[in-house]
Amino acid sequence: MSLKPIDKPAELTVEGKSYAIPILQDAMGNRALDIRTLRKDSGLIAFDPGFASTAVCESSITYVDGEKGLLSHRGYSIEDLTENCTFIEVAYLLLHGVLPNRVQREKFSQLLNRHSMIHEDMSTFFRGYPEGAHPMVVLSAMVVSLSAFYPEIEQSADREELDMTVTRLLSKLRTIAAFSYKKSVGEPFVYPSQKLSYCENFLNMMFSSPVSDYKIEPYLVKAMNQLLIIHADHEQNASTATVRQVGSTRANLYAAISAGICALWGPLHGGANQAVIEMLQMIHRDGLSAETVLEKAKNKADPFRLMGFGHRIYKSYDPRAKIAKKICYTILDKMNVQDPLLDVAIKLEEKAIADPYFQDRHLYPNVDFYTGITYRAMGFPTAMYTVLFALGRLPGWIAHWLELRQDADQKIYRPRQLYVGATQQNFVPLEKRP
Ligand code: SDX
C-alpha cells in the first residue's frame, strides 16, 4: 500500500460517538475515506451497490478522468498511444510499466510469434461446438483449458517465467479468436506466420483462406492496432474487477482471464458493441426516426436503452469514442463503403447529445458506439465484435492480475451485505408442511 493518509482525518459521529476516518489522496488528487477498520472500530459497514463510490484497490496502470473525458495508461494519453504505437507496444507498456525500446520490442515480438500456436490437441476442441456457437463461449472455454496444457504460474515464479506465461497467453488468445471464427464459418484454420506482426497475423488468420489470396492492407493493420489499443485497459471496469476478484483467491491466470471474458460478454459491458449494431439494424430495418428511438430510451416502462451510450465513469464524451469515430470514417472512406448504419448512428448521437434527458444524466457515446460499424466494414461478423474487445483488453486484464499478485496488502475479495430475508423460522417437518 503506497498511499498515506493526509494530515486531517474525517470525523464520523454516530449516536454521539465520534470516529476518526483517515483520508487517502491519490496521485491525481482524488480523495477517499479509508474505511478498512470501520466495522472493527464502530460496528458499521458502508453500503454501495455497484461500487459507484468505492475504490477496491490502488493501481498504477490506468487513469480515467470521467469529468474531463481523459484516459491515460502509465501516464501516456490514449491519443498519443493510438497515434504513435502498435498494440504490442501498448501491451508491453501495460505489462512492464514502460514503453519498450527497440531490443525489448523485438524480443517481445519474437516471444509472441514463438508462442502463437495452440497445442494441436486443443485444435480438436473447436469441433465439439455446434454451428453458430457464440465465439465468446469458445474463447472463455479455450482460455481456461490452456491451464490443462500449460503449467500454472507458481507463486514463486520469477519475472522471466511470468513474462513467458503472459506473452504466451497474449499470443494464443489471438489464435483462439481467429480459429473460433474459422470454425463458425466452416473454413480451415489459417495458422500464424512468424513473418507477420501481431495484427497482420490476426487479419491474415481471420480472412485468408486456401482459395483466396488475402492482401493485408497496411491501413487495415493500422486501424486494427488502434482499435485494440483503445480497448486495452480501463481501470476497474466489470471484467477487470472480475479478473482481480478471481485472482484474489489465488486462482491461476487462465481461470481469472476466462472469468473476465465471461463478464465482458454482457450487453451492459463489452457485449454492447454487438448490441449497438443489432440496435442500429433494427432502427434501420423498421425505419424508426431518431426521435422515436430516444423516446423509447427515455421511457422507464420500456426496457430499451440506447446501447453504446452512457458510462459509469465518463460524464463527458468517452475519448475512445472520439478515436473510434475517426477510425470509422477513415476505414469506410478507404474501403469505399456506404453503410446506412453510420448515418443512423450519427443522427442518434446528434439528437441525443442535444436532448435534456441525456444531458442531465451526462450520457454520451462510449467506446462501443462506433466500433461495430468499422468492424462490419472490415468484414468481421457481429458475433466477433466482443471477441475483438477481449483481444484488446487482455493485456489490461493481465497487468491487473500481475499488480494484484505483487500487492502485499491485497486480500481475497469478500464484500459484505445487508440482510433483508426472514429472521426467525421454526422448523416444520416435511409431513406437516402445507
Ligand atoms: C463498457 O466501466 C467501464 O470502464 C466499461 C468500459 C470498459 O472499457 O471496460 O468502458 C466498456 O462497458 C462501456 C459501456 C457499454 N454499455 C452500454 O453501452 C450499454 C448502455 N449503457 C448503459 O446501460 C449504462 O449507461 C451503463 C451500464 C454503461 C452505465 O450504467 P450506470 O453507471 O449504472 O448508470 P445507470 O444505469 O444508473 O443510469 C443512470 C441514469 C438512469 O436514469 P435515471 O434512473 O437517473 O432516470 O441514466 C439512464 C438510466 O436509466 N441511462 C440510460 C442509458 N444509460 C444510462 N438511459 C437510456 N439509455 C442509456 N444507454
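It should be emphasised that the depicted structure is a prediction, and the values quoted were computed from it without experimental measurement.

Chemist: Let's hear about unusual backbone geometry: which residues, and what values?
Modeler: Unusually for a residue other than glycine, Glu235 sits at a positive phi of about 55 degrees. The topology assignment puts Glu235 in the loop between helix H9 (218-229) and helix H10 (238-247).

Chemist: Run through the pattern of salt bridges, naming residues and quoting values.
Modeler: In total, this model carries 18 salt bridges according to the counting rule given. In this structure, Arg159 engages Asp163 in a salt bridge whose closest nitrogen and oxygen atoms are separated by 2.8 Å. Pair noted here: Arg159 and Asp163 are both in helix H7 (residues 159-184), with a separation of four residues, about one helical turn. The residue Glu350 makes a salt bridge to Lys347 at a minimum N-O spacing of 3.6 Å. Residue Glu350 and its partner Lys347 are both found in helix H15 (residues 340-352); the two are separated by three residues, about one turn of the helix. Residue classification places Glu350 among the partly exposed positions, given a relative accessible area of 44%. Through salt bridges with shared partners, a single network forms among Glu295, Lys298 and Asp355.

Chemist: I'd like a rundown of the packing of helix H8 (residues 198-207) against H9, residues and numbers included.
Modeler: Viewed as axis vectors pointing N to C, H8 and H9 meet at an angle of 105 degrees, and their least axial separation amounts to 9 Å. Considered as vectors, H8 and H9 are oriented roughly perpendicular to each other. Seen from H8, the contacting residues are Tyr198, Cys199, Glu200, Phe202 and Leu203; seen from H9, they are Leu220, Val221, Met224, Asn225 and Leu228.

Chemist: Could you give an account of the side chain of Thr82, naming the residues involved and the relevant values?
Modeler: As for its position among the elements, Thr82 is in helix H2 (residues 78-84). In this structure Thr82 comes out as buried when scored by relative accessible area, which is 4%. A distance of 2.8 Å separates a polar atom in the side chain of Thr82 from the backbone oxygen of Ile78. In this view, Thr82 contacts Gln226, Ile229, Ile230 and Ile323; residues no more than four positions away in its chain are not counted.

Chemist: Please provide a residue-by-residue account of empty space enclosed by the protein, values included.
Modeler: Within this structure, the stated rule accounts for one cavity of 30 Å³ or more. Taken as a whole, the largest cavity encloses approximately 40 Å³ of empty space. Lining the largest cavity, in full, are Tyr129, Pro130, Gly132, Ala133, Val138, Ser180, Lys183 and Ser184. Counted by class, the lining of the largest cavity contains four nonpolar, three polar and one charged residues.

Chemist: Any details on the nonpolar core? Residues and values, ideally.
Modeler: Ranked by internal contacts, the top residues of the largest apolar core, which has 114 residues, are Ile257, Leu280, Leu306, Leu348, Phe380 and Ile398. Broken down by element, the residue count for this core peaks at twelve residues, all from helix H18 (residues 385-405). Excluding its chain neighbours within four sequence positions, the residues that come into contact with Leu306 are Met279, Val293, Leu294, Ala297, Leu348, Ala352 and Phe358.

Chemist: So what's going on with the packing of aromatic side chains? Residues and values would help.
Modeler: Within this structure, the stated rule accounts for 18 aromatic pairs. Ring geometry for Tyr375 against Tyr385: centres 5.4 Å apart, planes inclined by 50 degrees, an arrangement best described as tilted. Of this pair, Tyr375 sits in helix H17 (residues 368-378) while Tyr385 is found in helix H18, placing the two residues ten residues apart along the sequence. An aromatic cluster of at least three residues, connected via ring pairs, comprises Tyr181, Phe202, Phe207, Tyr214, Tyr375, Phe380 and Tyr385. It is Arg174 that lies over the ring of Tyr198; its NZ or CZ is 4.6 Å from the centre.

Cut-off values and rules
Residues numbered from 1 in each chain as written. Predicted model: local features only at pLDDT ≥ 70, side-chain atom pairs only at ≥ 80, totals over all residues. Heavy atoms only, no water. Helix = DSSP H or I, 4+ residues; strand = E, 2+ residues; numbered from the N terminus. Salt bridge = Lys/Arg side-chain N within 4 Å of Asp/Glu carboxyl O. Buried < 20%, exposed > 50% of the residue type's maximum accessible area, 1.4 Å probe, protein only. Axes fitted to C-alpha atoms, helices over the stretch in contact; angles between N-to-C directions. Parallel < 35°, antiparallel > 145°, perpendicular 65-115°, else oblique. Contact = heavy atoms within 4.5 Å. Polar contact = N/O pair within 3.5 Å; in protein donor to acceptor, adjacent residues only side chain to side chain. 1 Å grid on protein atoms, 1.4 Å probe; cavity = no way out; pocket = protein on both sides within 12 Å on 5 of 7 lines; lining within 4 Å. Points joined across faces, edges and corners; volume = space filled by probe spheres on them. Nonpolar A, V, L, I, M, F, W, Y, C, P; charged D, E, K, R; others polar. Core = buried A, V, L, I, M, F, W, Y, C linked by side-chain atoms within 4.5 Å. Phe/Tyr/Trp six-rings, centres within 6.5 Å; stacked < 30°, edge-to-face > 60°. Lys NZ or Arg CZ within 6 Å of the ring centre and 35° of its normal.

So yeah, pure geometry; function would need other evidence.
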